[in-house]
Amino acid sequence: MEAEGRGEAGGCAGAPGARVYTREEVARRNSGREAWLVIHGRVYDVTRFLAEHPGGEEVLLEQAGRDATESFEDVGHSVDAREMLKDYYIGEIHPVRDPNVTSSGQTSFWSTWLIPIFGALVLGLMYRYYMLDGKSS
Ligand code: HEM
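Treat the numbers as computed from the prediction; the structure is a model and nothing was measured.

> Sorry, what's going on with the coordination of the iron atom of the ligand here?
As a benchmark, a tetrahedral metal site with four donors has ideal angles of 109.5 degrees, while an octahedral site with six donors has ideal angles of 90 or 180 degrees. Note on the iron atom of the ligand: its protein donors are His53 (NE2) and His77 (NE2). The metal-donor distances range over 2.0 Å. Around the iron atom of the ligand, the six donor atoms are arranged such that angles at the metal cover 87 to 179°; this shape is classified as octahedral. Of this pair, histidine 53 sits in the loop between strand S3 (42–45) and helix H2 (57–63) while histidine 77 sits in the loop between helix H3 (69–75) and helix H4 (79–88), and the two are 24 residues apart along the sequence. Taking the relative accessible area as the measure of exposure, histidine 53 reaches 13% and is therefore buried.

See the structure below:
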């Protein structure tokens, strides 16, 4: 399905053009057959590592489909373990953005100002119309 093109990332962590996965996509890969996890915003397919993990496959399966950053860090993995991560790297996690927030991190001008201004204008016009209507009758 959508996740089959994993070769693109080529194991080069953070490379531009790396495959991007949503959290929902990762969450679906948590069966005995497939285990993906997220560590520091990167997606790893640890399926073939399950049997080899020195900490056991149980802990990986527990974290499969989730963000395992905290548990990975809590264990205090060695530099070697961190190096191994790149063997299982398949892409980046999709950044979740608030549609009202622009890339610069500021709330959009449109929703902050234009909508209230437009609302006030409509209310003003309605009021005016109501007053004129009252005078003419
Ligand atoms: C792709 C991800 C991971 C890799 C490459 C990895 C690799 C390793 C390696 C090489 C070790 C041996 C000790 C060391 O060198 O630090 C280890 C131990 C261990 N790992 Fe992982 N690990 C991963 C993810 C996780 C996760 C998500 C957990 C979740 C709790 C975990 C829990 C443990 C535990 C409990 C040990 C045993 C520590 C000990 O015996 O002192 N690992 N891991």
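> Help me out: how do you make sense of the site of the ligand in this one?
In the vicinity of the ligand there are 17 residues, among which Val46, His53, Leu60, His77 and Ser78 approach most closely. Histidine 77 places a polar side-chain atom, nitrogen or oxygen, 2.8 Å from a nitrogen atom of the ligand. One nitrogen or oxygen atom from the side chain of serine 78 is found 2.5 Å from an oxygen atom belonging to the ligand. One can see that the ligand is located within the largest pocket. Listing elements by their share of the shell around the ligand, those giving two or more residues are H2, H3 and H4. For the shell around the ligand, the residue count by class is twelve nonpolar, five polar and no charged.

> Explain the pattern of salt bridges to me, please; I cannot follow it from the model alone.
Between side chains of opposite charge, a pair can form when the charged atoms approach closely. If you walk through the whole model with that rule in mind, you get six salt bridges. The salt bridge involving arginine 29 is made with glutamate 34; its shortest N-O contact spans 3.1 Å. A residue is classified by how much of its surface remains accessible, and arginine 29, at 8% relative accessible area, is buried. Residue arginine 42 is joined to glutamate 92 by a salt bridge in which the shortest nitrogen-to-oxygen separation is 3.5 Å. You can see arginine 42 sitting in strand S3 and its partner glutamate 92 sitting in strand S4 (residues 89–93), a full 50 residues away along the chain. Arginine 42 gets classed as partly exposed once you look at its relative accessible area, which sits at 29%.

> Would you mind showing me how to read the sheet that holds S4 here?
Within a beta sheet, neighbouring strands are joined by backbone hydrogen bonds and run either parallel or antiparallel to one another. Taken in spatial order, the four strands make up an open sheet running S1-S4-S3-S2, and their pairing is mixed. The open sheet terminates on both sides in strands that have one partner only, identified here as strand S1 (20–21) and strand S2 (36–39). Of the strand pairs in this sheet, S1 and S4 are connected by two bridges, and their pairing is parallel. Bridge assignment links valine 20 to a residue of S4, and that residue is glutamate 92. Its contacts with the sheet put H4 on S2, S3 and S4, and the angle it makes with S4 is roughly 90°.

> Quick question: what am I supposed to make of the layout of surface pockets here?
One way to see where empty space is left: roll a probe the size of a water molecule over the atoms. In this structure, the largest pocket occupies an estimated 400 Å³ of space. Along its surface, the largest pocket is lined by 21 residues, and Phe49, His53, Leu60, Phe72 and His77 are the ones closest to its centre. Within the lining of the largest pocket, the residues separate by chemical class into 15 nonpolar, five polar and one charged.

> What am I meant to see in the confidence of the model for the protein here?
The predicted coordinates should not be examined in detail at positions where pLDDT is low. The predicted model of the protein averages 82 in pLDDT, with 77% of residues at 70 or higher. Across the protein, the secondary-structure element scoring lowest on mean pLDDT is helix H5 (residues 109–136), at 84, and the one scoring highest is H4, at 97.

What counts, and at which threshold
Throughout this description, residue numbers start from 1 for each chain and increase along the sequence as written. Restriction of local features to residues with pLDDT of at least 70 applies here, the model being predicted, together with a cutoff of 80 or more for giving and counting side-chain atom pairs; totals for whole chains, interfaces and linings are based on all residues. Heavy atoms from the whole structure form the basis of all side-chain values; hydrogens and water molecules are not counted. Atoms are scored as donors when they are N, O or S and lie within 2.8 Å of the metal, with 3.2 Å used for Na, K and Ca; no water is included, so coordination may look incomplete. Think of it this way: with four donors and all angles in the 85 to 135 degree range, the site is tetrahedral; with four or six donors, opposite ones beyond 155 degrees and the rest between 65 and 115, it is square planar or octahedral; otherwise it is irregular. Here a strand is any run of E in DSSP of at least two residues, a helix any run of H or I of at least four, and the numbering for each starts at the N terminus. Residue burial is assigned from relative accessible area. The probe radius is 1.4 Å, only protein chains are included, and a residue is buried under 20% of its type maximum, exposed over 50%, and partly exposed in between. Any residue with a non-hydrogen atom lying within 4 Å of a molecule or strand is treated as near it. The definition of a polar contact used here is a pair of N or O atoms within 3.5 Å, where within protein one atom must be able to donate a hydrogen and the other to accept one, and adjacent residues in sequence count solely through side-chain atom pairs. Points on a 1 Å grid, built from protein atoms alone, make a cavity when a 1.4 Å probe fits but cannot get out and make a pocket when they are open with protein on both sides within 12 Å along at least 5 of 7 lines; residues with an atom within 4 Å of a point are the lining residues. Molecule-in-pocket calls rest on the fraction of atoms, with more than half required to lie within 2 Å of the cavity or pocket grid points. When residue character is reported, Ala, Val, Leu, Ile, Met, Phe, Trp, Tyr, Cys and Pro are called nonpolar, Asp, Glu, Lys and Arg charged, and the others, Gly included, polar. By definition here, a salt bridge exists when the distance from a side-chain nitrogen of Lys or Arg to a carboxyl oxygen of Asp or Glu is within 4 Å. We treat two strands as partners when DSSP finds at least two bridges between them. Only heavy atoms enter the contact rule, under which two residues are in contact if any of them lie within 4.5 Å. Axis lines are fitted through C-alpha atoms, for helices just across the contact stretch, and the angle between N-to-C directions can take any value from 0 to 180 degrees. Grid points are joined across faces, edges and corners, and a volume is the space filled by probe spheres set on the points. pLDDT is a per-residue confidence score from the predictor, ranging from 0 to 100.

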